[in-house]
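Spelled out, the chains give:
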Amino acid sequence: MSPTDPAPRAGDARSGPPAASIVACPDGPLLVRGEFEVVTPDGEALPRTRRTVALCRCGASVLKPYCDGSHKLIGFKTEPPAP
Ligand code: FES
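Residues numbered from 1 in each chain as written. Predicted model: local features only at pLDDT ≥ 70, side-chain atom pairs only at ≥ 80, totals over all residues. Heavy atoms only, no water.

1. A look at unusual backbone geometry
Of note, the bond from Lys-64 into Pro-65 is cis; its omega dihedral lies within 30 degrees of zero at 15 degrees. Along the polypeptide, Pro-65 turns up in the loop between β3 (52–55) and α1 (70–74). Here the phi dihedral of Asp-27 falls at roughly 60 degrees; this positive angle occurs in a residue that is not glycine. On the secondary structure map, Asp-27 appears in the loop between β1 (20–24) and β2 (30–34). You can call Asp-27 partly exposed: its relative accessible area is 26%. (Helix = DSSP H or I, 4+ residues; strand = E, 2+ residues; numbered from the N terminus. Buried < 20%, exposed > 50% of the residue type's maximum accessible area, 1.4 Å probe, protein only.)

2. With respect to the pairing of β1
Remark: a regular strand shows side chains that alternate across the two faces of the sheet. Here β1 pairs with β2 via 5 bridges, running antiparallel. Considered in β2, the bridge of Ala-20 is made with Gly-34. (Pairing = 2+ DSSP bridges.)

3. Considering the sheet that holds β2
With antiparallel pairing, the 3 strands of this open sheet are ordered in space as β1-β2-β3. Single-partner strands in this sheet number two, and they are β1 and β3. Neighbour-to-neighbour, the strand axes of this sheet turn through a mean angle of 20 degrees, independent of strand direction. (Axes fitted to C-alpha atoms, helices over the stretch in contact; angles between N-to-C directions.)

Bear in mind that shape data such as this cannot, by itself, settle questions of function.
Below you can see the structure in the form of structure tokens.
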């Protein structure tokens, strides 16, 4: 894939599986799996050693942007999915 190729879209049979997927964990982090980069506001790619990364969405992690489990300590609750 070149930098000018459009990103694969979900359901596009020609592109195969998406390059990455994101799962919003109930009362917890966003789990990102696949091929992606986590980039600082300055554009620097953060080192990555795992195929799956948990990103904090509660705001309490001391390892931001990564989840450190603090969401459990603060009782973080997400909204249930809309019907
Ligand atoms: S979501 Fe886990 S520490 Fe914030």
